[in-house]
Amino acid sequence: MKRTYIALALVLLLLSARSYAHGNMDHVLGTVKQIAGNTISVEKDGQTTEVILTPTTTWENNGKPAKAADLKVGDRVVIHAVKVDGKETAHEVRFAHPGGAR
Amino acid sequence: MGFVHCFPRRLQQAAERGKTFGAIGENAYLREDGRGRPTRQCCFEGCAQPPLRDDAARGWGTRFPARRRLRASPRTPLEVERSMLVQRGIVMYSFVCGALALAASLLLAAMFLLQDGFSSRSKPSAVEGWMARYALRHAVSQADRAMTNPIAPSAEVLDEGRDHFADHCALCHSNNGDGHTLYGDGLNPAPPNLRLAATQNKTDGELYSIIQNGVRMTGMPAFGTPGAHDASTWKLVAFIRHLPALTAAEELAMRKANPISPTELEERKQEDDFLSGGSAQPKGQPR
């Protein structure tokens, strides 16, 4: 019986992750720790993820169109990304400056 | 083969004596000179008549060496007959070998395709792509191709076309028309980048016809009613013309018209809350 509950929980976990998947995209979110060339590092709860930026990446700052140069270290960011060759590659970057500064 | 001066029986007798002849065309057997070349003289003694067709002797004087050698080669009638049979055999042999090679090639191609399968992940080959483009070019009738957009691209028309595109087309073509979406990236053949010349160089009528009638064996369905002239489709055509100049603000505005599921809507709210400094913790990584 215990095994059944565990299996059921795993299935539900998988289903919930799938429903959140926003198509087949991963969601990377947190605070921008570093911007180096076409790579940004996003940190949350001590864990860091690197995301590759491309010329086709779209940018949005507080609901308005933005550019890559507008992103600063310390900004809160939500990135919709797909894995290309094992690396998260940004499709869309949504960000906001801390304290609501625009 | 006809003989101009000589009877076949006498020719046969001459052949039995080991005499060789130069066969020139089909009309003359001529005596050889001392170096194995045919002369204009008949091979039989006492036959002083010139060849009936003087041009038959031109085999030697022709400016095509290969033909000259063929015509002037000294052969007996039996050898000529045998040569013809051999030639026919070579033709038949070549035909059979060619057919077998073609069948083997088709078999190998089929085995190769079956081995790799036909999933949407493998990119179409250059030949397949060319055939698809060729078929697409000819899928639109001449009359449709010649149509021009009857609706002028005003700001209102572009707004309507943009909202329509965001609601119905962007799922595969993406808001900016480059075709990189969940569905677009998974389609084979992939939707074209509508911003590029391959699409922009099509006539208004071609774009209209493709939207109305779809493209067979692709992910593009027929959206229109047969024979109908749909104003909303013409507005889409106007908007597709505008895609190369689409601004970031326009693209962002299109997101409001994109179809969105309740789950995605909730997710969006959580993301907005997170970005505005709220305590909401949308799922994602790093978590």
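For every chain, the first residue of the written sequence is number 1, and numbering continues from 1 onward in sequence order. Lettering for chains starts from A, numbering for ligands starts from 1, and both go in the order in which the items are written. Residues qualify for local features only when their pLDDT is at least 70, as the model is predicted, and side-chain atom pairs are given and counted only at 80 or more; totals for whole chains, interfaces and linings, by contrast, use all residues. For side-chain calculations, the full set of non-hydrogen atoms in the structure is used, while hydrogens and water are omitted.

Enquirer: Help me understand the side chain of His 173 of chain B, please; the structure alone is not making it clear to me.
Expert: Residue and element names in this part refer to chain B. Secondary structure elements follow DSSP: runs of H or I no shorter than four residues count as helices, runs of E no shorter than two count as strands, and numbering proceeds from the N terminus. Tracing the backbone through its elements, the reader meets His 173 in helix 8 (residues 170-173). A residue is classified by how much of its surface remains accessible, and His 173, at 12% relative accessible area, is buried. Residues contacting His 173, with those up to four places away along its chain left out, are Phe 165, Asp 178, Gly 179, Thr 181, Pro 191, Pro 192, Leu 194 and Met 220. Buried means the residue's accessible area, taken with a 1.4 Å probe over protein chains only, is under 20% of the maximum for its type, while exposed means over 50%, and partly exposed covers the values in between. In this description, contact between two residues means that some pair of their heavy atoms is separated by no more than 4.5 Å.

Enquirer: Would you mind showing me how to read helix 11 (residues 204-213) of chain B here?
Expert: An α-helical segment advances 3.6 residues per turn. Residues three or four places apart therefore align on the same side. Residues and elements named next belong to chain B. Buried residues dominate helix 11, accounting for 9 of its 10 residues. Within the sequence span of helix 11, burial applies to Asp 204, Gly 205, Glu 206, Leu 207, Tyr 208, Ser 209, Ile 210, Ile 211 and Gln 212. One or two residues past the end of helix 11 sits Gly 214, with phi positive at roughly 75°.

Enquirer: What exactly am I supposed to notice about the packing of aromatic side chains here?
Expert: We describe a pair of aromatic rings using the distance from one ring centre to the other and the angle between the two ring planes. Each aromatic pair joins two rings of Phe, Tyr and Trp (for Trp, the six-membered one) with centres within 6.5 Å, and gets the label stacked for planes under 30 degrees apart, edge-to-face for over 60, and tilted for any other angle. Taken as a whole and assessed by the stated rule, the structure comprises 4 aromatic pairs over all chains. Between Trp 59 of chain A and Phe 95 of chain A the ring centres are 6.3 Å apart and the planes differ by 75°, which places this aromatic pair in the edge-to-face class. With a gap of 36 residues between them, Trp 59 of chain A in strand 4 (residues 58-61) and Phe 95 of chain A in strand 7 (residues 87-96) connect regions that are remote in the sequence. With respect to class, Trp 59 of chain A is no different from Phe 95 of chain A; both count as buried. Judged by centre distance (5.3 Å) and plane angle (50°), the rings of Phe 165 of chain B and Phe 239 of chain B are tilted. Placement of Phe 165 of chain B in helix 7 (residues 155-168) and of Phe 239 of chain B in helix 12 (residues 231-242) is noted, with a sequence separation of 74 residues between them. Taking the relative accessible area as the measure of exposure, Phe 239 of chain B reaches 0% and is therefore buried. For the cation-ring pair, Arg 76 of chain A lies above Phe 274 of chain B, with the distance from its terminal atom to the ring centre recorded as 4.6 Å. In our convention, an over-ring charge means Lys NZ or Arg CZ found within 6 Å of a ring centre and within 35 degrees of that ring's normal.

Enquirer: Help me understand the pattern of salt bridges in this model?
Expert: Where charged atoms from two side chains of opposite charge approach closely, those side chains can pair. Salt bridge, as used here: a side-chain nitrogen of Lys or Arg that lies within 4 Å of a carboxyl oxygen of Asp or Glu. Evaluated as defined, the whole model comprises 11 salt bridges over all chains. Ionic pairing is found between Glu 206 of chain B and Arg 145 of chain B, a salt bridge with its closest N-O pair at 2.9 Å. Residue Glu 206 of chain B is located in helix 11, and its partner Arg 145 of chain B is located in helix 6 (residues 142-145); the two are separated by 61 residues in the primary sequence. Arg 241 of chain B serves as the salt-bridge partner of Asp 204 of chain B, at 2.9 Å between the closest nitrogen and oxygen. Residue Asp 204 of chain B is found in helix 11, and its partner Arg 241 of chain B is found in helix 12; the two are separated by 37 residues along the sequence. Look at Asp 204 of chain B and you get buried, because its relative accessible area is 19%. Residues joined by salt bridges that share partners form a network here, namely Glu 60, Glu 92 and Arg 94 of chain A together with Arg 255, Arg 268, Glu 271 and Asp 272 of chain B.

Enquirer: How should the environment of Glu 60 of chain A be read in this particular structure?
Expert: Within the element layout of this structure, Glu 60 of chain A appears in strand 4. Using a relative accessible area of 4% as the deciding quantity, one classes Glu 60 of chain A as buried. Separated by 17 residues in sequence, Glu 60 of chain A and Val 77 of chain A place their C-alpha atoms 9.8 Å apart. Beyond its immediate sequence surroundings of up to four residues, Glu 60 of chain A is in contact with Ala 66, Glu 92, Val 93, Arg 94 and Phe 95 of chain A together with Leu 252, Arg 255 and Arg 268 of chain B.

Enquirer: Looking at this structure, I do not really get the pairing of strand 6 (residues 76-84) of chain A. What am I missing?
Expert: In regular strands, side chains alternate between the two faces of the sheet. Residues and elements named next belong to chain A. One bridge is not enough; two strands pair if DSSP finds at least two bridges between them. Pairing analysis gives 6 bridges linking strand 1 (residues 26-36) to strand 6, with the strands arranged antiparallel. Bridge pairing links His 27 to His 80 in strand 6. In textbook terms, the turn of a hairpin is the stretch between consecutive antiparallel strands, and for strand 6 and strand 7 this stretch comprises 2 residues, one of which, Asp 85, has a positive phi near 55°.

Enquirer: How should a nonpolar patch on the surface be read in this particular structure?
Expert: Here a patch means residues that are over 30% exposed by relative accessible area and free of salt bridges, tied together within 9 Å if like-charged and within 5 Å if nonpolar (Val, Leu, Ile, Met, Phe, Trp, Tyr). For the accessible areas, the method is Shrake-Rupley and the probe is 1.4 Å, while residue cover comes only from the protein chains on display. Nonpolar side chains collect at one region of the surface, where Met 92, Phe 95, Val 96 and Leu 100 of chain B lie side by side and expose about 450 Å² of accessible area between them. Structurally, the position occupied by Met 92 of chain B is in helix 4 (residues 77-116).

Enquirer: Looking at this model, I keep getting lost on the environment of Leu 194 of chain B. Mind explaining?
Expert: Position of Leu 194 of chain B relative to the elements: it lies in the loop between helix 9 (182-186) and helix 10 (197-200). In contact with Leu 194 of chain B, other than residues within four places in its own chain, are Phe 165, His 173, Gly 177, Thr 199, Gln 200 and Leu 243 of chain B.

Enquirer: It is not clear to me how the nonpolar core should be interpreted in this structure. Could you clarify?
Expert: Nonpolar side chains tend to gather and get buried jointly when the protein is soluble and globular. If you look at the biggest cluster of nonpolar residues, it comprises 16 residues, and the most contacted ones within it are Phe 165, Val 237, Phe 239, Ile 240, Leu 243 and Met 254 of chain B. Counting residues per element, the ones that place at least two in this core are helix 7, helix 11 and helix 12 of chain B. Here this core takes 5 residues from helix 12 of chain B, the largest share from any one element. Aside from chain neighbours lying at most four places away, what touches Ile 240 of chain B is Phe 165, Thr 199, Gln 200, Leu 207 and Ile 211 of chain B. With 15 residues, the next largest nonpolar core counts Val 32, Ile 40, Val 42 and Leu 53 of chain A among its residues. Here, nonpolar core means buried Ala, Val, Leu, Ile, Met, Phe, Trp, Tyr and Cys residues that are tied together by side-chain atoms lying within 4.5 Å of each other.

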